[in-house]
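Structure at a glance
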Amino acid sequence: MDLEEAFQVVGEFGRHQKVIDTVLILLQIYMACQSMLIVLVGAVPEYHTEPVTDSSGGDVTQSVTFTDDVNSIVTEWYLVNQQAYKVSLAGSLFFTGVLVGNVLFGPLSDRIGRKPVFLTGMFFELLFAYGSALAPSYELFALSRLLMGMMNGSMALVCFILSQEYVGKSYWALTGTLTNMTFAVGIALFALLGYIRQWRNLATAVNCPGVLLFLFCIVLPESPRWLYSRGRSSQAERVLQAFAVRNGKGRVTLKLRRVLSPAGPDASGPGLFRLATHPVLRCRTLVLMFVCLVYYGLTMNASADRGSRYLSVAMYGLVELPAYPLCIYVINKPWSLLSLLHGCSCSLWWWCFPTSSGLLPEAWELESPA
């Protein structure tokens, strides 16, 4: 039998796969909080500067006084005026790391396996995240954010792939949409954590759920689809048989059709450069890259809102939720129309709520919590 027939036997989305995918989907909350961390830990409070002359009457320096009760990397390392760019730089370094992580570790997971790349990325992201919370200087904080981004990119990519490869193909739209929807929920929940006033405590609190989820992920099996694609049919059969037992199907006998030309470590075939050389894939890749840039640009703009920063962050996550039930329906439909609708919606949002005016109309803006 082929792999899809085997999933029909063991259960395409049985209770065991539901437990596994629940862990992977909940992991999106952790990844969303890490992605949005700079929005709150890089908060810029109201401040004013005064010229100060040294005792000899020579050099004149600027004394910075913060008037808001906000604790952030800005207030700790005085990232204002000529140093203000460092806040945006830290955020850019994180997403640069995400890009590098996707490019490097995605193909690596195809070669050596989903699970080892996923667990390695998650372990080091936790390590670097605690490093950023304890960073004694801005330079070390920025470096840790870059390394976190690399690990986050590798982990997020493989996590999404695993959530698909553990289930039958008829459930791909459901699990994929739930994964992205939970990321949006994570953005909203991050706003609640923002009420932790000390930025180092906030960075530590965001990381703690990841430790618990990492312990759950250690016992996850390797992807049966990846094992099958590499010609390791007997191992794929054992994973699927374990699914059957835990799904209440009992012990079943499976005999997967052998892959005629297993893709070995040195096998040549479609790779990353195919996205650039193939005209159709190149066009789709550029469109999707642009869509992602617009999405994260709008979301990270929550830090620029003049009203309640916490309310703005929550709204940027919650505003996505009504779209996801629609996604489950249209995911297998022609995507060009959906992408066009997405582009028009983003343009309308940008036109109605430019960066200088904030998320909400001025009359609705709330004061930040004390």
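Residues numbered from 1 in each chain as written. Predicted model: local features only at pLDDT ≥ 70, side-chain atom pairs only at ≥ 80, totals over all residues. Heavy atoms only, no water.

**Re the side chain of H16**
In this structure, H16 sits in helix α2 (residues 15-41). For H16, a relative accessible area of 18% translates into the label buried. With near-sequence residues (within four places) excluded, H16 lies in contact with F243, R246 and N247. (Helix = DSSP H or I, 4+ residues; strand = E, 2+ residues; numbered from the N terminus. Buried < 20%, exposed > 50% of the residue type's maximum accessible area, 1.4 Å probe, protein only. Contact = heavy atoms within 4.5 Å.)

**Considerations on the nonpolar core**
By size, the foremost hydrophobic cluster in this structure holds 77 residues, and its most contacted members are L27, F118, F141, F190 and L240. Not counting residues within four places of it along the chain, the set of residues in contact with F118 comprises L24, L27, M155, V158, C159, L162, C217 and L220. (Core = buried A, V, L, I, M, F, W, Y, C linked by side-chain atoms within 4.5 Å.)

**Overview of helix α10 (residues 233-246)**
For α10, spanning 14 residues, the distance from its first C-alpha to its last is 20 Å, which sits close to the expected 20 Å at 1.5 Å a residue. Among the residues of α10, S233, A236, E237, V239, L240, F243 and A244 are the ones counted as buried. Seen end-on, α10 carries its buried residues on one side only, within an arc spanning 165°. At the exit of α10 stands G248, carrying a positive phi of roughly 85°. (Expected span 1.5 Å × (residues − 1). Arc of directions from axis to C-beta.)

**Considering the confidence of the model for the protein**
Residues of the protein with pLDDT of at least 70 account for 79%, and the chain-wide mean is 81. Mean pLDDT in the protein bottoms out at helix α15 (residues 335-352), which sits at 56, and peaks at helix α5 (residues 114-133), which reaches 94. Taken together, the stretch residues 262-268 has pLDDT below 50 and engages in 9 contacts with residues farther than four places along the chain or on a different chain. Every residue in residues 355-370 scores below 50 in pLDDT, and together they form 32 contacts with partners more than four places removed in sequence or on other chains. (pLDDT = per-residue confidence, 0-100.)

**With respect to α2**
Helix length check: α2 (27 residues) gives 39 Å between terminal C-alpha atoms against 39 Å at 1.5 Å per residue, within 8%. If you look at α2, its biggest bend is around 40°, right at S35. With 21 of 27 residues buried, α2 is to be regarded as a mostly interior element. (Bend = angle between axes of the 7 residues up to and from the residue.)

**What to know about the packing of helix α1 (residues 3-10) against α10**
Relative to each other, α1 and α10 sit at 25°, their axes nearing to 9 Å. In this view, α1 runs roughly parallel relative to α10, as classed from their interaxial angle. Touching L3, A6, F7 and V10 of α1 are L240, F243 and A244, all from α10. Residues belonging to the contact of α1 with α10 are distributed by class as follows: 7 nonpolar, no polar and no charged. (Axes fitted to C-alpha atoms, helices over the stretch in contact; angles between N-to-C directions. Parallel < 35°, antiparallel > 145°, perpendicular 65-115°, else oblique. Nonpolar A, V, L, I, M, F, W, Y, C, P; charged D, E, K, R; others polar.)

**Some points on the pattern of salt bridges**
Using the criterion set out here, one finds 4 salt bridges in the structure. The salt bridge partner of E4 is R225, with a shortest N-O separation of 2.6 Å. Of the two residues, E4 is situated in helix α1 and R225 in helix α9 (residues 224-229); the sequence distance between them amounts to 221 residues. R114 is the salt-bridge partner of D110, the closest N and O atoms lying 2.5 Å from each other. For R114, a relative accessible area of 8% corresponds to the buried category. Within this structure, D110, R114 and E165 form a network of salt bridges that share partners. (Salt bridge = Lys/Arg side-chain N within 4 Å of Asp/Glu carboxyl O.)

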